Amino acid sequence: MDQNLFNDICLRQLTFSGVHEGETVVVLTRGGERAEYADAFLWAAQQLGASTYHMRLPSPSSAAGAWAVGDSGLGNIPLAVEALKSVDMVVDCTFLLFSKEQFAIQDAGTRILTAVEPPELLARLMPTKELRERVEIGAELLAKAGTMRITSPAGTDVTYQLGVYPTLSEYGYTDTPGRWDHWPAAFVFTGGADDGVDGKIVLSPGDVLLPFNTYVQTPVEITIEQGFIRDIRGGAESSGLDADLLRSYIESFEDPRGYGMSHVGWGLDERAHWHGLTQFPGGMGMELRSFYGNVMFSIGPNNELGGPNDTPCHFDIPMRGNSLYLDDELIVDNGELTVADMRPAARR
């Protein structure tokens, strides 16, 4: 994308995020990654009258291996953490999520926006006030629920006991002190009780494996008891390749907490494409987490919700064509939202 165009969309983003004169905005990057993001956000913050600077961390170790959430690069740089705690907003171009440093920065009142997806995707999925309203309606419904049940034609039938952890929403910008969001995003989620997730999830071809950034090719049956995965196997008539890959990835962390059930919820952005991985293979899959009517469950850490599991092993799995019930009320019906106020105007 042309740098001037990128500057303009970052200006729109920071305007949504309430940046104004008198504030201080820091853009955080790592190594040589996303230098053009830093340039665009620094320019945009200046246009809005804010003070701004760029904090660049060293590149991650080449020996890091599998993607491990929670490694912020700030763990041995307490002065940098203190600097980020002292500003109004951090634009995170590194992915701080699940790190204790991010939690400390938020607790100090600094709002954080993560932006790591390709510029063309950021432009196409620019947040809107209307989308935020629909996401917040979904969050209100989820926050009131005591149970969530997910079913599918392939055989999924799993129940989450809710109410232990808060409900969070992502709508692509942040104008509230201490709040984190991810651009682009449009989904709501919470977590089941640590021992309160039971049943079976059956992944079907076309469901999404993140961070593999691939689509499921062969059915996968996942058995969950008391909040932990107890078995992963291929479907009766499949080669079991996807099951083998998922199991092998979790095993590679040598951490039994990697089998814990993490957050769960649904997506609301009708502009997001299920086939997005074929268009923007260099991103983190935020379009897939957000596409309209997907039901996404996650494996691994729940410290984002205040839980005790901080394993670095994390998987997000958005699924198509599932149904989701809150306290036996149908909320997602085979990939279609049933509540009129959560649907875009064209679908009402």
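The shown structure was predicted, so the numbers you read here are calculated from the model rather than taken from an experiment.

A word on the overall build of the protein chain
Thinking step 1. Across its full length, the protein chain holds 8 helices and 20 strands.
Thinking step 2. Across its three principal directions, the C-alpha atoms of the protein chain cover 60 × 50 × 35 Å.
Thinking step 3. Expressed as a percentage of its 348 residues, the buried residues of the protein chain come to 55%.
Thinking step 4. For the protein chain, restricting intrachain contacts to residue pairs at least 6 apart in sequence, the fraction spanning at least 24 positions comes to 71%.
Thinking step 5. In the form shown here, the protein chain has an accessible surface area of approximately 13,800 Å², with 49% of it arising from carbon and sulfur atoms.

A word on a negative patch on the surface
Thinking step 1. Taken together, Asp194, Asp195, Asp198 and Glu225 make up a surface patch of like negative charges.
Thinking step 2. Note that aspartate 195 resides in the loop between β9 (187–191) and β10 (197–203).
Thinking step 3. Residue aspartate 195 is classed as exposed on the basis of its relative accessible area of 55%.

A short note on the pattern of salt bridges
Thinking step 1. Here the structure, examined in full by the defined rule, presents 18 salt bridges.
Thinking step 2. Between arginine 132 and glutamate 136 there is a salt bridge, and its shortest N-O distance comes to 3.1 Å. Placement of the pair is arginine 132 and glutamate 136 together in helix α6 (residues 129–144), with a separation of 4 residues, close to one helical turn.
Thinking step 3. Since its relative accessible area comes to 29%, glutamate 136 is described here as partly exposed.

Quick notes on the layout of surface pockets
It is the rolling of a water-molecule-sized probe over the atoms that shows where space remains empty.
Thinking step 1. Counted as a void, the second largest pocket has a volume near 350 Å³.
Thinking step 2. As for the second largest pocket, its lining consists of 19 residues, of which Gln106, Leu168, Arg179, Trp180 and Glu304 are closest to the centre.
Thinking step 3. Broken down by secondary-structure element, the contributors of at least two residues to the lining of the second largest pocket are α4 (100–107) and β7 (168–170).
Thinking step 4. At 4 residues, the largest contribution of residues to the lining of the second largest pocket is made by α4.
Thinking step 5. A domain-level breakdown of the lining of the second largest pocket finds at least three residues from each of domain 1 (3–116) and domain 2 (128–167 + 185–340).

Re the packing of helix α1 (residues 3–16) against helix α2 (residues 35–47)
Thinking step 1. Orientation of α1 relative to α2, taken along the N-to-C sense of each, is 55°, at an axis distance of 8 Å. Taken together, α1 and α2 sit at an angle that is classed as oblique. The two elements α1 and α2 meet at a crossing, and its hand is right-handed. Between α1 and α2, the residues in contact are Gln3, Phe6, Asn7, Asp8, Cys10, Leu11, Gln13 and Leu14 and Glu36, Tyr37, Asp39, Ala40, Phe41, Trp43, Ala44, Ala45 and Gln47, respectively.
Thinking step 2. For the contact of α1 with α2, the per-class residue count stands at 10 nonpolar, 4 polar and 3 charged.

Basis of the calculations
- Residues numbered from 1 in each chain as written.
- Predicted model: local features only at pLDDT ≥ 70, side-chain atom pairs only at ≥ 80, totals over all residues.
- Heavy atoms only, no water.
- Helix = DSSP H or I, 4+ residues; strand = E, 2+ residues; numbered from the N terminus.
- Buried < 20%, exposed > 50% of the residue type's maximum accessible area, 1.4 Å probe, protein only.
- Contact = heavy atoms within 4.5 Å.
- Areas by Shrake-Rupley, 256 points an atom, 1.4 Å probe, with all protein chains shown as cover.
- Patch = residues over 30% accessible without salt bridge, like charges linked within 9 Å, V, L, I, M, F, W, Y side chains within 5 Å.
- Salt bridge = Lys/Arg side-chain N within 4 Å of Asp/Glu carboxyl O.
- Lys, Arg positive; Asp, Glu negative; His and termini not counted.
- Charge placed at Lys NZ, Arg CZ, Asp CG, Glu CD.
- 1 Å grid on protein atoms, 1.4 Å probe; cavity = no way out; pocket = protein on both sides within 12 Å on 5 of 7 lines; lining within 4 Å.
- Points joined across faces, edges and corners; volume = space filled by probe spheres on them.
- Domains from an automatic or database assignment.
- Axes fitted to C-alpha atoms, helices over the stretch in contact; angles between N-to-C directions.
- Parallel < 35°, antiparallel > 145°, perpendicular 65-115°, else oblique.
- Left-handed = near helix turned anticlockwise from the far one by under 90°.
- Nonpolar A, V, L, I, M, F, W, Y, C, P; charged D, E, K, R; others polar.

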